Amino acid sequence: MLKISLPDGSVREMPKGSTPADVAAAIGPGLAKAAIAARVDGELVDLSRPFTGDAALALVTSRDEAEALDLARHDFAHVLAEAVQSLFPGTQITFGPSTDDGFYYDFAPKGRQFTDDDLPAIEAEMRRIISADKPLRREAIERDELIAQWRAAGESFKAEWAAELPQGEELSVYHSGNDWYDMCRGPHLPSTGKLDPAAFKLTRVSGAYWRGDQNNAMLSRIYGTGWLNKKQLEAHLVRLEEAGKRDHRKLGQEMDLFHLQAEAHGSVFWHPNGFKVWRELEAYMRRAIDAADYKEVKTPQIMDARQWEQSGHWGKYRENMFVIPDEVPNVDDVGPVISGEADWMALKPMNCPAHVLIFRQGIKSYRDLPLRIYENGCCHRNEPHGALHGLMRVRQFTQDDAHIFCREDQIVEEVRSFCALADRVYKDFGFTYAIKLALRPENRFGSEEMWDQAETELRHAVAAAGLNTAEYGWAELPGEGAFYAPKLEWHLTDAIGRTWQVGTIQSDRVLPERLDASYVGEDGGKHRPVMLHRAIFGSYERFIGILIEHFAGKLPVWLAPVQAVVAPIVSEVDGYAREVASQLKAAGIRVESDLRNEKINYKVREHSLAKVPHLLVVGKREAEEGTVAIRTLGEERQRFMPLAEAITMLQGEATPPDLRA
RNA sequence: GCCGCUUUAGCUCAGUCGGUAGAGCACAUCAUUCGUAAUGAUGGGGUCAGAGGUUCGAAUCCUCUAAGCGGCACCA
């Protein structure tokens, strides 16, 4: 007999060969029905997996939501694969995991790729398989035998994969009924009928490279979202819809902030409203860097290719650079082809080399360090076309970029104080964040010792700032550093839980070396400074995009392009409305007046949709009393107050957070 | 760059079987002076993304190009 201990401390004796399902049945029919998997000695396994000895057992039911969701999504992926192979014979299966909100499966289709139009039929077939309540049965199988089976079945991707698993390893396949199986580690639900046929939806198709490598075959990926029940699915679809309403591209158009067009694709046309937000951010950042003893500079947009060669960008980054010939073209030659030998220039993709060139002017002493050089640096990068996305990924952008030149022994303190500065900034905008350390990538400059040292310093600095904790989502990301330095990364969490990588600080010894930056030390000798690359917003474009989505367009008053609109009810009080507007303007409020011959309902609607924070309505009563009726965005009530009081209130709200008492 | 889809008025979109382009909003003019999410009437506005092809005839079918969207890959 086996001794099976349960979470409540009790122990059950079970015959050899029995399974978690047998224990569930022994406890009661209700539990037997509710159980979907088992945790045996901490490991999640099938209900039908026989015990191999005495064990601690915890039965998993749909109340264990995290496990249940993952199991269900994994099963949905299998059902999807089975459905596709049944509808499209000859399609090869490859790989299909669960995701944060559902699942996907990658197929190598026969003939053509799948399209959205295929989804309804596949969904219907999936529902049929679920309704058929097919038992999911695990079978252990020896590796070479499975490879032979996959080859015989024409499943070359599966065979390739199995062939890379260790020789002689026992693998497992899961059978769905008697007519379909897939290689899988498991575990799975006992049968397809445990899935709710109304709790999933196929959402889109896309291409995906086999094993994520663009040199490999392009597969056809089908995405779905999957849940435990219909209610959860519907709640998820509502969340998607809400997220769609925050889309900065849509809000940017509605609020007349900016536009993009084909003739300058990947570059932003900032409209007057959008640029007001930009200017407010720029002013905020200037106050921050002035207070932190940075020196602001402005450097050339275009530099000679030889300079980029020396910095290493020509070798490592040229694919992403806009390169132009350095010659005055003969007017007659200016046509589709520019021929002849040309020296090359390139638009800067980064500001760092230019900042080193400023550092190099004149002799620097150790007394000058740390020297913090800041620039609102406009960079151009020729990004892969498929990567462009609204304000989030553009080809021309402006970074809040700075480079701190310092001695080795100043690194930890500089990084620590940067952490404090970044913390202050993100809190001013209402974000929480996580910090990650991106470690050396494969494609890199510099020695192993240098990377060891740089990575260790950043770890120390984060520890000194007390940020290497779970609270700050501390994690290390192997292989994700820049080609010249490891990076600390700040990942913001927005109002609906999405994360955005914005800020970074990187400790770099490569560029000072390549561009021969040096300072005179206390010993009178020449020394190499370390260069810390750092940004907080990342880029103005992207940061504004994130702000728009975070606030769903309802920017805080200090950032709102138009902070208040004065709207008279009858034209008789236009004069008073003008007076109100002019007093607000004199008080530094970004105000507009809406004197159009429209009903107040119309004006309320229009300015609400435009997300103006405060609408100041004035009628005969207000004009007589010298008051205003304030309607604040998102509220239906009105507040009546004397004009002077309203001005004080608006001034308070319009004060940037760093200037508040 | 790769896979799929899309592109019609300033915006959102309709346009059947290939027969010569429509709505709402916006805009303009006129009327209306109104108390918190759309006042009414009238009017102007289109090389149907671009190029080529099939056809008596193309927004519609085919090819190419460009851009956009969703992913993949990329992301200092």
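Small disclaimer: the values here were computed from a predicted structure and weren't measured. (Residues numbered from 1 in each chain as written. Chains lettered and ligands numbered in written order. Predicted model: local features only at pLDDT ≥ 70, side-chain atom pairs only at ≥ 80, totals over all residues. Heavy atoms only, no water.)

J.: So what about the pairing of strand β1 (residues 2-5)? Which residues, and what values?
T.: On β1, burial follows the alternation: Leu2 and Ile4 on one face are buried, whereas Lys3 and Ser5 on the facing-out side are not. Taken together, the four bridges between β1 and strand β2 (residues 11-14) define a ladder with antiparallel strand orientation. Bridge pairing links Lys3 to Glu13 in β2. Remark: five residues form the turn of the hairpin made by β1 and β2, two consecutive strands paired antiparallel; Gly9 in that turn has positive phi of roughly 95°. As judged from the two bridges shared by β1 and strand β5 (residues 55-61), these two strands associate in the parallel manner. Its bridge partner lying in β5, Ser5 is registered against Ala56. (Buried < 20%, exposed > 50% of the residue type's maximum accessible area, 1.4 Å probe, protein only. Helix = DSSP H or I, 4+ residues; strand = E, 2+ residues; numbered from the N terminus. Pairing = 2+ DSSP bridges.)

J.: Mind laying out the environment of Ile122, listing which residues take part and the relevant values?
T.: The topology assignment puts Ile122 in helix α4 (residues 119-131). Judged by relative accessible area, Ile122 falls into the buried class, the value being 0%. Note: C-alpha distance between Ile122 and Thr504 (382 residues apart in sequence) is 44 Å. Other than its neighbours up to four places away in sequence, Ile122 contacts Leu80, Ala83, Val84, Leu87, Phe88, Leu202 and Ile222. (Contact = heavy atoms within 4.5 Å.)

J.: Pulling in residues and values, what's your account of unusual backbone geometry?
T.: Cis geometry is found at the peptide bond from Gly186 to Pro187, where omega equals -5°. One can find Pro187 in the loop between β10 (180-183) and β11 (200-209). With an omega of -5°, the peptide bond running from Leu369 to Pro370 counts as cis. In this structure, Pro370 sits in the loop between α12 (352-360) and β19 (371-380).

J.: Would you mind going over the side chain of Gln563 in detail, with residue names and values included?
T.: Take Gln563: it is sitting in the loop between α16 (540-550) and β28 (564-568). Beyond its immediate sequence surroundings of up to four residues, Gln563 is in contact with Val557, Trp558, Gly588, Ile589, Arg590, Val612, Pro613, His614 and Ala654.

J.: Give me the confidence of the model for chain A: which residues, what numbers.
T.: Averaged over all residues, the pLDDT of chain A is 92; the fraction at 70 or higher stands at 98%. Mean pLDDT across the secondary structure elements of chain A bottoms out at strand β17 (residues 323-325), with 88, and peaks at strand β15 (residues 295-296), with 98. Across the predicted assembly, pTM comes out at 0.93 and ipTM at 0.94. (pLDDT = per-residue confidence, 0-100.)

J.: Would you mind going over α12 in detail, with residue names and values included?
T.: Taken as a whole, α12 has its buried residues at Cys352, Pro353, Ala354, His355, Val356 and Phe359. Gly362 occupies a position one or two residues after α12 and carries a positive phi of about 75°.

J.: Talk me through the protein's contact with RNA strand B; I want residue IDs and the actual numbers.
T.: Around RNA strand B, a shell composed of 54 residues is seen, among which Tyr209, Arg381, Gln399, Ala482 and Asn597 lie nearest. Restricting attention to atoms of RNA strand B within 4 Å of the protein, one finds that 53% of them are sugar or phosphate atoms. Between RNA strand B and Tyr209, the relevant distance is 2.4 Å, taken from a base nitrogen to a side-chain nitrogen or oxygen of the residue. One of the side-chain nitrogen or oxygen atoms of Arg393 is found 2.8 Å away from a base oxygen of RNA strand B. Every element with two or more residues in the surface near RNA strand B is listed here: β11, β12 (218-226), α8 (248-254), β20 (396-406), α18 (600-609), α19 (620-625), β31 (627-632) and β32 (638-642). (Near = heavy atom within 4 Å. Polar contact = N/O pair within 3.5 Å; in protein donor to acceptor, adjacent residues only side chain to side chain.)

J.: Explain the pairing of β12 to me, using residue names and the numbers behind them.
T.: Successive residues of a regular strand alternate their side chains across the two faces of the sheet. The element β12 is extensively covered by neighbouring structure, given that seven of its nine residues are classed as buried. In this sheet, β12 lies alongside strand β7 (residues 102-108) in antiparallel orientation, the contact comprising six bridges. Its bridge partner lying in β12, Phe103 is registered against Gly224. Alignment of β11 against β12, held across nine bridges, turns out to be antiparallel. By the bridge assignment for β12, Tyr209 is matched with Met218.

J.: Could you give me a rundown of the sheet that holds β28, with the residues and numbers involved?
T.: Within a sheet, each strand pairs with its neighbour through backbone hydrogen bonds, oriented either parallel or antiparallel. If you walk across this open sheet you meet the five strands as β29-β28-β30-β31-β32, and the pairing is mixed. Both outer strands of the open sheet, β29 (591-593) and β32, are each paired with one neighbouring strand and no more. On average, each strand axis in the sheet is inclined to that of its neighbour by 25°, with strand direction left out of account. Looking at chain direction, β28 and strand β30 (residues 614-618) are connected through five bridges and run parallel. Bridge pairing links Pro568 to Val618 in β30. Most of the contacts of helix α17 (residues 574-586) go to β28, to which it runs at about 165°, and overall it touches β28, β29, β30 and β31. (Axes fitted to C-alpha atoms, helices over the stretch in contact; angles between N-to-C directions.)

J.: Outline the layout of surface pockets, supporting the account with residue identities and numerical values.
T.: A water-sized probe rolled over the atoms picks out the places where empty space is left. In this model, the largest pocket occupies a volume close to 1100 Å³. If you go around the largest pocket, you meet 38 residues; those closest to its centre are Tyr317, Met350, Arg381, Gln399 and Lys487. Counting only elements with at least two residues in the lining of the largest pocket, the list comes to β20, β24 (499-508), β27 (530-535) and α16. Looking at the lining of the largest pocket residue by residue, the classes come out as 15 nonpolar, twelve polar and eleven charged. A volume near 660 Å³ is recorded for the second largest pocket. What lines the second largest pocket is a set of 26 residues, and nearest its centre among them are His74, Met183, Cys184, Arg185 and Gly186. (1 Å grid on protein atoms, 1.4 Å probe; cavity = no way out; pocket = protein on both sides within 12 Å on 5 of 7 lines; lining within 4 Å. Points joined across faces, edges and corners; volume = space filled by probe spheres on them. Nonpolar A, V, L, I, M, F, W, Y, C, P; charged D, E, K, R; others polar.)

J.: Which residues make up a negative patch on the surface, and what values do they have?
T.: Together, Glu142, Glu145, Glu169 and Glu170 give the surface a local cluster of negative charge. Structurally, Glu169 can be placed in the loop between α6 (156-164) and β9 (170-176). (Patch = residues over 30% accessible without salt bridge, like charges linked within 9 Å, V, L, I, M, F, W, Y side chains within 5 Å. Areas by Shrake-Rupley, 256 points an atom, 1.4 Å probe, with all protein chains shown as cover. Salt bridge = Lys/Arg side-chain N within 4 Å of Asp/Glu carboxyl O. Lys, Arg positive; Asp, Glu negative; His and termini not counted. Charge placed at Lys NZ, Arg CZ, Asp CG, Glu CD.)

J.: Give me the lowdown on the sheet that holds β5, citing residues and values where you can.
T.: If you walk across this open sheet you meet the five strands as β2-β1-β5-β3-β4, and the pairing is mixed. This sheet does not close on itself; its edge strands, each paired only once, are β2 and β4 (43-45). When strand polarity is set aside, the average angle formed by the axes of neighbouring strands in this sheet is 35°. Direction of pairing for strand β3 (residues 35-40) relative to β4: antiparallel, over a ladder of three bridges. What sits directly across from Val40, in β4, is Glu43. Sheet strands touched by helix α3 (residues 65-87): β3, β4 and β5. Its angle to β3, the strand with the most contacts, is close to 115°.

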